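The chain contents come next:
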Amino acid sequence: EPGDLGDGISIVAVLYAMAKQAYLLGAFNVARFAYKQLQDYKIPSQWLDSVGVDTLKIQTKPKEDNKEIIPICYRCGSNTPVLNPIKGSNRK
């Protein structure tokens, strides 16, 4: 079934947990991505208000992630993105 990862794990619950934790860590791009993905799914009624408020709150945050959480390649010293979506993919 779409929206279910199998064995009773809901993709909505995973995306919501990811969004909330990313927000707390300062990974604002990841949180924005998760809230955007949540718009494609039916959100349980008990979460609707919270998701709506959190979606508005993330819009007030900077466009870049917290510098302290961005991984650095120890080989070349370059920054790597926290979230690296597959470009050209039709997967959801």
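Residues numbered from 1 in each chain as written. Predicted model: local features only at pLDDT ≥ 70, side-chain atom pairs only at ≥ 80, totals over all residues. Heavy atoms only, no water.

Trainee: How do you make sense of the packing of helix α1 (residues 11-25) against helix α2 (residues 28-38) when you look at a structure like this?
Mentor: Packed helix pairs are characterised by how far apart their axes lie and by the angle those axes make with each other. Two elements in contact, α1 and α2, have axes separated by 8 Å at closest approach and are oriented at 155 degrees. Classified by the interaxial angle, the pair formed by α1 and α2 is roughly antiparallel. As for the relative orientation of α1 and α2, their crossing is left-handed in sense. Mapping the contact onto sequence places V12, L15, Y16, M18, A19, K20, A22 and Y23 in α1 and F28, V30, A31, F33, A34, Y35, Q37 and L38 in α2. The class makeup of the residues in the contact of α1 with α2 is 14 nonpolar, one polar and one charged. (Axes fitted to C-alpha atoms, helices over the stretch in contact; angles between N-to-C directions. Helix = DSSP H or I, 4+ residues; strand = E, 2+ residues; numbered from the N terminus. Parallel < 35°, antiparallel > 145°, perpendicular 65-115°, else oblique. Left-handed = near helix turned anticlockwise from the far one by under 90°. Contact = heavy atoms within 4.5 Å. Nonpolar A, V, L, I, M, F, W, Y, C, P; charged D, E, K, R; others polar.)

Trainee: Can you help me understand the nonpolar core in this one?
Mentor: Note on soluble globular proteins: their nonpolar side chains tend to be buried together. Ranked by size, the top nonpolar core spans 16 residues in total, and within it Y35, L38 and V51 carry the most contacts. For this core, the secondary-structure elements that each account for two or more residues are α1, α2 and α3 (48-59). Dropping the residues within four chain positions of it, Y35 is found in contact with Y16, A19, K20, V51, D54, T55 and I58. (Core = buried A, V, L, I, M, F, W, Y, C linked by side-chain atoms within 4.5 Å. Buried < 20%, exposed > 50% of the residue type's maximum accessible area, 1.4 Å probe, protein only.)

Trainee: What is the right way to read α1 from this model?
Mentor: Structurally, the α-helix is built with 3.6 residues per turn, so residues lying three or four positions apart point the same way. In this model, α1 (15 residues) spans 21 Å end to end at C-alpha, consistent with the 21 Å of a helix rising 1.5 Å per residue. Those residues of α1 not exposed but buried are I11, V12, L15, Y16, A19 and A22. The buried residues of α1 occupy an angular sector of 135 degrees when the element is viewed end-on, so they sit on one face. The exposed residues of α1 that point more than 90 degrees off its buried face are L24 and L25. In this fold, the buried residues of α1 make contact with α2 and α3. (Expected span 1.5 Å × (residues − 1). Arc of directions from axis to C-beta.)

Trainee: Explanation requested: the packing of aromatic side chains in the structure shown.
Mentor: The final tally for this structure, using the stated rule, is two aromatic pairs. Note on Y23 and F28: the rings are 6.0 Å apart at their centroids and 70 degrees apart in plane angle, and the pair reads as edge-to-face. Residue class for F28 comes out buried when judged on its relative accessible area of 12%. (Phe/Tyr/Trp six-rings, centres within 6.5 Å; stacked < 30°, edge-to-face > 60°.)

Trainee: Which parts of the structure should I look at to understand α2?
Mentor: Here α2 lies mainly inside the structure; eight of its eleven residues are buried. Those residues of α2 that fall on the buried side of the exposure criterion are F28, V30, A31, R32, A34, Y35, Q37 and L38. Along its buried surface, α2 packs onto α1 and α3.

Trainee: Explanation requested: the pattern of salt bridges in the structure shown.
Mentor: Opposite charge on two side chains permits pairing when their charged atoms draw close. In the structure shown here, the tally under the stated rule is two salt bridges. A salt bridge links D54 to K20, with the nearest nitrogen and oxygen atoms 3.7 Å apart. With D54 in helix α3 and K20 in helix α1, this pair connects stretches of sequence that are 34 residues apart. What makes K20 partly exposed here is its relative accessible area of 35%. Residue K57 is joined to D54 by a salt bridge in which the shortest nitrogen-to-oxygen separation is 3.9 Å. Of this pair, K57 and D54 both sit in helix α3, three residues apart, which is roughly one turn of that helix. Classification of K57 by relative accessible area gives partly exposed; the value is 36%. With a relative accessible area of 9%, D54 lands in the buried category. Overlapping salt bridges, with partners in common, bring together K20, D54 and K57 in one network. (Salt bridge = Lys/Arg side-chain N within 4 Å of Asp/Glu carboxyl O.)

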